[in-house]
Amino acid sequence: MKRLACTLLALLLLPGLLPAASAAGRPTFGVTFDGSAEYLRIAKGTDHGLKNDYGGPGATTGTLLDSQDREVATFVTAYADDFETIVRVTGYADGRTSADIDHAVIPALGLGYITLTRENSSAYFRIDKGSGQIDPHVLKRAAKGMLYDAQGRVAAIYSVVAVGAAESLGFVTQFARGYYAHDVRTGDITGYFDQIIQGSGFSNFTYGNLVMIAIGLLFLWLAISKDYEPLLLVPIGFGILVGNVPLPLSIFNSVSVYMIDPVSHEYVFNTGSNSVMGMIYFGVRSGIFPPLIFLGIGAMTDFAALLSNPKSLLLGAAAQIGIFITFLGALALGFSPQSAASIGIIGGADGPTAIFTASRLAPALIGPIAIAAYSYMAMVPIIQPPIMKLLTSREERLIRMKPGRKVSRFERVAFPIGGMLVTCIVAPGGLPLLGPLFFGNLLKESGVTGRLAKTAANAMLDICTILLGLAVGASTSAQAFLNTRSVMIFALGCVAFGTATAGGVIFAKIMNVFSTEKVNPLIGAAGVSAVPDSARVAHMVGQAEDPTNYLLQHAMGPNVAGVIGSAIAAGVFLGLF
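## Examining the overall build of the protein
Piece 1. Counting secondary structure elements, the protein contains 22 helices and 15 strands.
Piece 2. At 31 Å, the protein has a C-alpha radius of gyration far larger than the 25 Å of a compact globule built from 577 residues.
Piece 3. With the principal axes as the frame, the protein shows a C-alpha extent of 100 × 70 × 45 Å.
Piece 4. For the protein, the proportion of its 577 residues judged to be buried stands at 51%.
Piece 5. Nonlocal contacts in the protein, meaning residues at least 24 apart in sequence, comprise 71% of its contacts between residues at least 6 apart.
Piece 6. Surface exposure of the protein reaches about 25900 Å², of which carbon and sulfur atoms provide 65%.

Right under this line is the structure:
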C-alpha cells in the first residue's frame, strides 16, 4: 500500500518536474502581432519558380489584380513549397482595398492568372529571432512551440511558417481559452521530447479534473455496488472519466465534446470538427436521443394501473409542482426564463425530458442539468423515504387500497391514441416527447407490432441510453463544468425533487379528505416520473409498516402519470419560451 501511494505521488509530481526540467534549454523570443499585415495563399509554388527568402532580397514579388486586370496591390512571398505559397501584401494602389482582389500575377516568372485564398491574417505574428540568433536546426519551418502572456501562462500554440536571417514568421494554430493576440508577449520553440511531455495528460492535469474523476468513480460505485440506476449511472460515470482525461491544446478540438471557438476563444459544443465525442454529443445537443428513449419507454410501459384508477392521474399532476416552484426559484436567483424552465424540469425526475428541454432552451446547461436529474433519480431510495415518513402518520402508511379493476383491450389500445391527441393539443410543445411515448405504447398494446415494440423497448432504447449517458458524462469537463452555476443547479435540483415528492404526498392526503375510498398517501410520492423506482420506494416504505400491504401496482398509476405530466410541463415551457 505504501509503495502504491508513493507511485501515485510520483505521478502527480511528474507534470511539474518534467516540463520544468526541459524548459530551461528552450529557445525563447519576443512576439509581435501586426494587425495591419495581410496574408494570402496562392496556388503556385517552388515548382513554378517562386523563391524562399523571407525578409530578404531574393523573395519573389508579384501583383494582385481585380477582375478587370487592374492593379490592386503588390505582394512578396513569405514562404513557398512545391505547390502553393504564403504571400504578404506590401501595399495597395490608391483607392483600392482587399475587397477588390480577384487574382495574382507574377510577370517575372511568366505566371498570369493565379487563384488565391484569404488567410486568417490575425493568426500570423513576427518572431524577433532568425537563423542568425537561433540554430537553424531548431528554428525551422514547421517547428512548434507555445506562446505565453506577461505572467508566463500558456496563451496559444503555434507553428513556424518561415525563417529569415533576423526575423521569422509564426502562425497560431490554437489559442487557449480566453486568450487573444493582445495577451501574447513571448514564445518558445519546443523540441520533440518537450512536445511528448506537453502532449501527455500529466502536464495538462488540474485539480478540477481530479474532482470530476472522483465524482465519476462515485457514480460507478453507486451503480455497481449499490445498484442505483446502473443502466444510467454506469454510462454517465464512465463518460465523466472520459470527459476529464486532460487534453493538450493541440488535440482539444479534435477529441473533446467541446471546442475553443475561433472567434470568441471560449468553450462551445464541438459541432464543426471531426471529434468523435462531439459527433455523439450531437444526438444530445440536437435533441435526437430523448424522443427515441421516450419511444422505448412507451413500448415497455403498462398504463393499466393508471387506467384502472384514473384518480392517480391527479397525483402525477400534483407532483409536478416541484417543476414550477423550482422554476420560480431559479428566476429569483437570476437565471433567465429559458434557463429557469430547463432547471425546473429536474423536478419531474425524468432525465430525457430535462435534457430535451435544455437542448431547446438552454444548451449551455445540458451537462449540469442532466447530471443533476440523473443523480437525483438514482438517489430516489435515499431522498424520498424521509420526506414520505415526515409528511404521513403511521395510520396513513397502513392504509390498504382496493385492487384496481381489469382494463379491457379496447382501453389499452385507445389510450395511447387519445392520450397523444389530448396532451399534445394541451401542450403542443411536448409533441417530440409525448408523440413517441404514446406511439411506443401503441406498438406494445396493438398486439400486431410485437417485433417493433420489442426493438423499441430493447435494442433501440439500450443504444440511445448508452450513447446519451456516455455523451452527457463526457460533457462534464472540469474546465466547463466546475463553476458556481453548476452548484446552484444541483441545489435547485434537490429542491425540485424534494418539493415534487412532498407535493404528491400532500395532494393524496387532501384527496382523502373528500374521498370515501382512501388513498395511501405514500403512492403520491410516486408521482415523480422516476419509473419504476419511485413506485418501488413507495411500496417498500409501505411494507416497512405492514409486510402484507402491496402498494406497487397502485403506485405505478401515479408513476406513469408523472412521465406524462413532466412531458406536458416541458411542452408548456417550450411553448412559452
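Having seen the structure, we can now continue with the description.
## Looking at the packing of aromatic side chains
Piece 1. Under the defined criterion, the tally for this structure stands at 18 aromatic pairs.
Piece 2. Measuring from ring centre to ring centre gives 5.1 Å for Phe269 and Tyr281, while their planes differ by 25 degrees; the resulting arrangement is stacked. Placement of Phe269 in strand E15 (residues 267-269) and of Tyr281 in helix H6 (residues 276-285) is noted, with a sequence separation of 12 residues between them.
Piece 3. Judged by its relative accessible area of 2%, Tyr281 falls in the buried class.
Piece 4. Cluster of aromatic residues (ring-pair linked, three or more members): Phe252, Tyr258, Tyr267, Phe269 and Tyr281.
Piece 5. Over the ring of Tyr79 we find Arg141; its NZ or CZ atom is 3.7 Å from the centre of that ring.

## Topic: the pattern of salt bridges
Piece 1. What the rule picks out here adds up to 19 salt bridges.
Piece 2. With a shortest N-O distance of 3.1 Å, Arg177 and Glu266 are connected by a salt bridge. Remark: Glu266 occurs in the loop between strand E14 (258-260) and E15 and Arg177 occurs in the loop between strand E12 (168-175) and strand E13 (186-190); sequence separation between them is 89 residues.
Piece 3. Looking at Glu266, the relative accessible area reads 32%, which means it is partly exposed.
Piece 4. Residues participating in the shared-partner salt-bridge network are Asp66, Arg70, Arg96 and Asp100.

## So, the side chain of Ser515
Piece 1. Secondary-structure assignment places Ser515 in the loop between helix H20 (484-514) and helix H21 (533-545).
Piece 2. With relative accessibility at 18%, the residue Ser515 sits in the buried group.

## Remarks on the sheet that holds strand E6 (residues 103-106)
Piece 1. As summarised here, the arrangement of the seven strands in space is E7-E6-E3-E4-E5-E2-E8, forming an open sheet in which the pairing is antiparallel. Of all strands in the sheet, those bounded by a partner on one side alone are strand E7 (111-114) and strand E8 (116-118). Shown here is a sheet whose adjacent strand axes are inclined to one another by a mean of 35 degrees, direction ignored.
Piece 2. Note that strand E3 (residues 61-65) and E6 share three bridges and pair antiparallel. Within E6, the position partnered with Leu64 by the bridge is Ala104.

## Structural notes on the sheet that holds E12
Piece 1. Pairing is antiparallel around the closed barrel formed by six strands, whose spatial order is E1-E9-E12-E11-E10-E13. The average angle at which neighbouring strand axes cross in this sheet is 40 degrees, direction not considered.

## Here's the deal with helix H18 (residues 450-474)
Piece 1. Here H18 contains 25 residues, and its C-alpha end-to-end distance of 35 Å stays within 8% of the 36 Å for a straight helix at 1.5 Å per residue.
Piece 2. In this fold, the buried residues of H18 make contact with helix H4 (230-243), H6, helix H7 (289-300), helix H12 (351-361), helix H13 (366-378) and helix H17 (431-445).

Rules of the game
- Residues numbered from 1 in each chain as written.
- Predicted model: local features only at pLDDT ≥ 70, side-chain atom pairs only at ≥ 80, totals over all residues.
- Heavy atoms only, no water.
- Helix = DSSP H or I, 4+ residues; strand = E, 2+ residues; numbered from the N terminus.
- Rg over C-alpha atoms; globule rule 2.2 N^0.38 Å.
- Buried < 20%, exposed > 50% of the residue type's maximum accessible area, 1.4 Å probe, protein only.
- Contact = heavy atoms within 4.5 Å.
- Areas by Shrake-Rupley, 256 points an atom, 1.4 Å probe, with all protein chains shown as cover.
- Phe/Tyr/Trp six-rings, centres within 6.5 Å; stacked < 30°, edge-to-face > 60°.
- Lys NZ or Arg CZ within 6 Å of the ring centre and 35° of its normal.
- Salt bridge = Lys/Arg side-chain N within 4 Å of Asp/Glu carboxyl O.
- Pairing = 2+ DSSP bridges.
- Axes fitted to C-alpha atoms, helices over the stretch in contact; angles between N-to-C directions.
- Expected span 1.5 Å × (residues − 1).

By themselves, these figures tell us nothing about what the structure is for.
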